[in-house]
Each structure stands twice: as C-alpha cells, then as structure tokens.
Amino acid sequence: MRPLSFLAVLCGVAFVQPFVEGSLHPALAQPSGTLRLYTSQPDADAQQTAAAFQAAYPEISVEIFRSGTEEVISRFLLEAEAGAPQADILLIADAPTFELLKSRDLLEPYCSPEAEAIAPTYYDEDCHYFGTKILATVIVYNTALAEPIDSWAALAEVPDAQVVMPSPTYSGAAAYNLGVITRNPALGWSWYEALKDNNAVLVQGNGAVVRNVAAGEQSYGMVVDFLAIRNRNEGSPVDVIYPREGVPLITEPVGIVKGAANLEAAQAFVDFLLSQEGQQVAVDIGYMPLREDVTPPEGFPALSELTVLSAPAAELAETREADKARFSELFGE
C-alpha cells in the first residue's frame, strides 16, 4: 500500500477536514448546487448511483449526460476545446481514456481520503482519477443453443455470424480490449481477423451483446461480466465463461474536470463512490467492488482467481485512435 504520508502531502487540507462520525459528510464542508455528470454507465445504473449520492448529499442535484464512452469523450473534448466544458465530473469505462485527458491537462487532481482503502494499482498515482469497480470482459453464451467454450481462441473459430461483440468505436470497454488483446502474443490482430473471417457481428454497446445472446440472435458474445451475470441471475438463458487465457479488466474510473463549476460537489461524488456506502451501492446494482471490506455480489469469482490480461494504460492511450482506425478498416465500419 502507498504510505499514508504520500497521499497526505498531495491532499493537503482534504485530509485534515474532520468528518462527522458515521457519516460521509465533512463537518466543515456541505457541498450543494448542481453536479453535472458525464458517464458511460448504463442509464438505469447511472440513475441509481446518482439517487444514492443525492440521498447522502440532499443539497446537491445531479444532471446526467449518458452515452458510450467514445461519444461521451468526443462531446467533452469539443466543449473543452471551445473553452467551455459543461461537465463537473466524468465516470467512464477505462483508465487509458483518463490518461489521455490527464496528458491534455483536462483533469483536476483530488486525493480522496477514501483511496486509502483501495489498492494503488486501481488509481492514478497523481490522483487525477480513481477506479470505482471491477469489470472483466468474458464470454457469454446462450445455454439453450450452444455448448460452453473455454477460450478466446475457440470463440474466434465460431462460424456463421454466431459471435456478437461491441464496437471499439462506441464502447470504451471494447476499445480497451482491442488494445490489450492486439498486444497479447497469443492473440494479437490475427484473433480479430479470425472473428472477421467468421462474420462476427458488431453492435454499439455491451448491453446489446447480452440482449442478442439471450434472444438467440447469436449463440456467443464478448461482454463485460456484470451484465451477463445480472441477466443470468434474472433468469435469462445465458451463462458466463472466464476464458483460460485471461480476461481484460477495466475499473470505470471517476475523475474531476479541471475548472469544474462545482468542485466541492465533484469531490464529494468521488468520496462517495470510493466509500463503503458507495461501494455497497455498486454491489447492490450488481458490480464487483474495489474495496476488500465490501462483499462482492453473488456469482462473481474472487479477484485473486482471475488471470488478468493487461497493457500499460499510457501506451494504450497513445495508440487508441490508431488501433480503432485499423479495426474499423478491418471490419468495414
């Protein structure tokens, strides 16, 4: 764990604000007003997250703009380049996107005291963004139509347009997967080329992947695990496989926009998402928490049991647009 003194130096007075016992509310700060949240969370999840935050901070109202990560960031960058960013805070799929924003000096550093309960690997060492949950990309299959397969290699060989996956040009998770998988020596670009040869179907987001597989439009899909597990637990004819080669992980980080109009509310939102209360909200929605003192929801493997496929976030940020362009050319998007 990072020593307390390192965070304390970076956080300054944020660490010495007294807290009311048993409450998230700092005794000397009562944020209020409007918090403008840009997010790629599924709409119902974003609404539930905002409602729980507003219950903890009733003086704050949350306005949400929601879309896929790539569209959220495109809108944010257009506003920032015009000198008028509208968002106070961003909650989007993956760390490489935040690395890109950090490199452009578009994020406000804030070292949340709640970060002490989270492993340092899940947040930026300069406190520009923090992971909020664990999302692994896995294989989902229709239990009435298909047999389980145990590897990404086997998925790429499924013929006849029976595999569906989100497009990296819309989904931040898919863009992250593209960077990680194409840098994996055992998979690489040849894995995507095999999917193309077998007429894999592209959709915009992970939600559409689960819907297609549950409806039997395709037998297999590539999807973030929480959506597939949630659908399985609700009775859909789907099940989940964590491939033996490993799984890419994203953490849906949160970060404050530089020059945020409501900085106090944005800091309170970061604190809330990282707190025990906020992590329990994530679990109640169906996500794997980052904090070890919060029990994961039913149906998830222990984090220690997962083989993780990864690549440096800064490198993925640098090559993201080139990777997406090559993918679009391959699939004719």
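Residues numbered from 1 in each chain as written. Predicted model: local features only at pLDDT ≥ 70, side-chain atom pairs only at ≥ 80, totals over all residues. Heavy atoms only, no water.

Read from one edge to the other, the open sheet built from five strands follows the order β2-β1-β3-β11-β4, with strand pairing classed as mixed. Edge positions in the sheet fall to β2 (60-66) and β4 (107-108), since each has one partner strand and no second. One ladder, built from seven bridges, connects strand β1 (residues 33-39) with β2; its direction is parallel. Within the sheet, the bridge partner assigned to Leu35 lies in β2 and is Val62. Packed on one face of the sheet, helix α3 (residues 69-81) meets β1, β2, β3 (89-91) and β11 (254-257) and runs near 125° to β1. The strands touched by helix α10 (residues 263-274) are β1, β2, β3, β4 and β11; relative to β11, the strand with the most contacts, the crossing angle is about 175°. (Pairing = 2+ DSSP bridges. Helix = DSSP H or I, 4+ residues; strand = E, 2+ residues; numbered from the N terminus. Contact = heavy atoms within 4.5 Å. Axes fitted to C-alpha atoms, helices over the stretch in contact; angles between N-to-C directions.)

Right, let's get into the environment of Glu71. If you trace the backbone, Glu71 turns up in helix α3. Taking the C-alpha atoms as reference, Glu71 lies 8.7 Å from Ser171; in sequence the two are 100 residues apart.

End to end, α10 covers 17 Å across 12 residues, agreeing with the expected 16 Å (1.5 Å per residue, within 8%). Counting buried residues in α10 gives nine out of 12 residues, a clear majority hidden from the surface. All buried positions along α10 are accounted for by Ala265, Ala266, Ala268, Phe269, Val270, Asp271, Phe272, Leu273 and Leu274. (Expected span 1.5 Å × (residues − 1). Buried < 20%, exposed > 50% of the residue type's maximum accessible area, 1.4 Å probe, protein only.)

Here we take up the packing of helix α4 (residues 95-103) against helix α12 (residues 313-331). In the contact formed by α4 and α12, the axes pass within 8 Å of each other and the chain directions differ by 75°. Compared by their axis directions, α4 and α12 come out roughly perpendicular. Contact residues: Ala95, Pro96, Thr97, Glu99 and Leu100 in α4; Ala313, Ala314, Leu316, Ala317 and Arg320 in α12. Among the residues making up the contact of α4 with α12, the classes are represented as seven nonpolar, one polar and two charged. (Parallel < 35°, antiparallel > 145°, perpendicular 65-115°, else oblique. Nonpolar A, V, L, I, M, F, W, Y, C, P; charged D, E, K, R; others polar.)

Looking at the secondary structure, you find Gln279 in helix α11 (residues 276-285). Aside from chain neighbours lying at most four places away, what touches Gln279 is Thr132, Phe272, Leu273, Leu274, Pro289, Leu290, Arg291 and Val294.

Once that is clear, we can look at the pattern of salt bridges. If you walk through the whole model with that rule in mind, you get 17 salt bridges. Of the charged contacts in the structure, one is a salt bridge between Glu70 and Arg320, with a shortest N-O distance of 3.0 Å. Of this pair, Glu70 sits in helix α3 while Arg320 sits in helix α12; the two residues are 250 residues apart in sequence, bridging distant segments of the chain. When sorted by exposure, Glu70 lands in the same class as Arg320, which is buried. A salt bridge links Glu252 to Lys133, with the nearest nitrogen and oxygen atoms 2.6 Å apart. (Salt bridge = Lys/Arg side-chain N within 4 Å of Asp/Glu carboxyl O.)

This part covers unusual backbone geometry. Positive phi, normally seen in glycine, also occurs at Cys127, with a value near 65°. Looking at the element boundaries, Cys127 is found in the loop between β4 and β5 (135-142). Notably, Glu252 is not glycine yet its phi reads approximately 40°, a positive angle. Accessibility expressed as a relative area gives 5% for Glu252, which makes it buried.

In terms of nonpolar packing, the biggest core is built from 91 residues, with Phe53, Ile89, Trp191, Tyr192, Leu195 and Tyr220 touching the most fellow members. A total of eight residues in this core trace back to one element, the largest contributor, which is α10. In this view, Tyr220 contacts Ile139, Val140, Tyr141, Ala146, Glu147, Ile149, Leu155, Val158, Gln162, Val163, Val164 and Val213; residues no more than four positions away in its chain are not counted. Core analysis: the second largest hydrophobic core is formed by 15 residues, Phe65, Ile73, Phe76 and Phe98 among them. (Core = buried A, V, L, I, M, F, W, Y, C linked by side-chain atoms within 4.5 Å.)

This next bit is on the environment of Val158. For Val158, the position within the fold is in the loop between α5 (152-156) and β6 (163-166). Relative accessible area serves as the criterion here: at 11%, Val158 is assigned to the buried category. Separated by 61 residues in the primary sequence, Val158 and Ser219 place their C-alpha atoms 9.2 Å from one another. Those residues within four positions of Val158 in sequence are excluded, and the remaining contacts are Ile149, Val163, Asn198 and Tyr220.

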